[in-house]
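Residue strings, one per chain:
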Amino acid sequence: MSDYSKANSPSQSVVVSSSTINTAFDNSGAGQELALTIAQAAEDRKAGDIVLLQVSEVSYLADYFIMATGYSRVQVRAIAGAIEDEIEQKFHRLPLRTEGKAEGTWVLQDYGEVMVHIMMPKEREFYSLEAFWGHAERIELPTSEVRGD
């Protein structure tokens, strides 16, 4: 065996059970709170047709997807900015990635366990993400009257 392969082979094995992994990474409550906060921030900026899907059972990309409509490029950017500000203030987090803010027709914000899609009506209708992820569980959002706003 060469010196390279000896130096890079593990000296001992580590056994990790699936229950250890599930316990270590089970933060679905935190993910749902993050998703609901994002939806509320979008609603505060008058986003239309906000949909929250729990995709953890059908996708490894995220636990939740949020889709919202902005009716102008300025509003799409404003919704994205409001979400970013609210999550930074409440959770001390910034998105891992943000795409499309310059164009303002479809902004994607990736918060790890939550992915946010803010789209103009034409893009939302054309890409129809709700239909694509139709087999995911749809989470009912609290209404303004229930929250006491």
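First, a word on what this report is: a plain description of the structure on this page.

Here is what the cut-offs are and how they apply
- Residues numbered from 1 in each chain as written.
- Predicted model: local features only at pLDDT ≥ 70, side-chain atom pairs only at ≥ 80, totals over all residues.
- Heavy atoms only, no water.
- Pairing = 2+ DSSP bridges.
- Helix = DSSP H or I, 4+ residues; strand = E, 2+ residues; numbered from the N terminus.
- Axes fitted to C-alpha atoms, helices over the stretch in contact; angles between N-to-C directions.
- Contact = heavy atoms within 4.5 Å.
- Phe/Tyr/Trp six-rings, centres within 6.5 Å; stacked < 30°, edge-to-face > 60°.
- Buried < 20%, exposed > 50% of the residue type's maximum accessible area, 1.4 Å probe, protein only.
- Core = buried A, V, L, I, M, F, W, Y, C linked by side-chain atoms within 4.5 Å.
- Salt bridge = Lys/Arg side-chain N within 4 Å of Asp/Glu carboxyl O.
- Polar contact = N/O pair within 3.5 Å; in protein donor to acceptor, adjacent residues only side chain to side chain.

Some details on the sheet that holds strand E2 (residues 64–69)
Where strands meet in a sheet, backbone hydrogen bonds hold them as pairs that are either parallel or antiparallel.
Here comes step 1: Strand order in this open sheet of 6 strands is E3-E4-E5-E2-E1-E6, and the pairing throughout is mixed. Strand pairing shows two members of the sheet lacking a second neighbour, strand E3 (97–99) and strand E6 (137–139), which therefore form its edges. The average angle at which neighbouring strand axes cross in this sheet is 20°, direction not considered.
Here comes step 2: When E3 meets strand E4 (residues 106–110), the two strands line up antiparallel, connected through 3 bridges. For Glu99, the partnering residue across the bridge sits in E4 and is Leu108.
Here comes step 3: Packing of helix H4 (residues 73–91) onto the sheet brings it into contact with E2, E3, E4 and strand E5 (114–119), and relative to E5 it is tilted by some 155°.

Some thoughts on the packing of aromatic side chains
Here comes step 1: In the structure shown here, the tally under the stated rule is 2 aromatic pairs.
Here comes step 2: Here Trp106 and Tyr127 contribute two aromatic rings whose centre-to-centre distance is 4.8 Å and whose plane-to-plane angle is 50°, an arrangement assigned as tilted. With Trp106 in strand E4 and Tyr127 in helix H5 (residues 121–127), this residue pair connects regions lying 21 residues apart in the sequence.
Here comes step 3: With a relative accessible area of 25%, Trp106 lands in the partly exposed category.
Here comes step 4: By relative accessible area, which is 43% here, Tyr127 ends up partly exposed.
Here comes step 5: Ring centres of Phe126 and Tyr127 lie 4.9 Å apart, and the angle between their planes is 85°; this geometry places the pair in the edge-to-face category.

Regarding the nonpolar core
Here comes step 1: Within the largest apolar cluster, 24 residues are counted, with the highest numbers of intra-cluster contacts made by Ile38, Ile66, Ile83, Tyr111, Val114, Val116 and Ile118.
Here comes step 2: Counting residues per element, the ones that place at least two in this core are helix H3 (28–44), strand E1 (48–54), E2, H4 and E5.
Here comes step 3: Per-element accounting of this core gives the leading share, 6 residues, to H3.
Here comes step 4: Leave out the neighbours within four places in its chain, and Val116 touches Ile38, Ile66, Ile83, Val107, Leu108, Gln109 and Tyr111.
Here comes step 5: Formed by 11 residues, the second largest nonpolar core is a distinct cluster that contains Val51, Met67, Trp133 and Ala136.

Concerning the pattern of salt bridges
Here comes step 1: Counting across every chain of the model gives 6 salt bridges.
Here comes step 2: A salt bridge links Lys90 to Glu33; the shortest N-O distance between them is 4.0 Å. Highlighted residues: Lys90 in helix H4 and Glu33 in helix H3, separated in sequence by 57 residues.
Here comes step 3: What makes Lys90 partly exposed here is its relative accessible area of 45%.
Here comes step 4: Exposure remark for Glu33: the relative accessible area of 39% places this residue in the partly exposed category.
Here comes step 5: Salt bridges sharing partners connect three or more residues here, namely Asp49, Arg124 and Glu130.

Concerning the pairing of E4
Here comes step 1: Joining the antiparallel neighbours E3 and E4 is a turn of 6 residues, in which Gly100 adopts a positive phi near 85°.
Here comes step 2: The sheet contact formed by E4 and E5 spans 5 bridges and is antiparallel. Of the residues in E5, the one forming a bridge with Val107 is Ile118.
Here comes step 3: Where E4 folds back onto E5 in an antiparallel hairpin, the turn is made up of 3 residues, including Gly112, whose phi is positive at roughly 85°.

A closer look at the side chain of Arg124
Here comes step 1: Relative to the helices and strands, Arg124 is located in helix H5.
Here comes step 2: At 2.7 Å, the side chain of Arg124 and the side chain of Thr69 are in polar contact.
Here comes step 3: Dropping the residues within four chain positions of it, Arg124 is found in contact with Gly48, Asp49, Val51, Met67, Ala68, Thr69, Met119 and Glu130.

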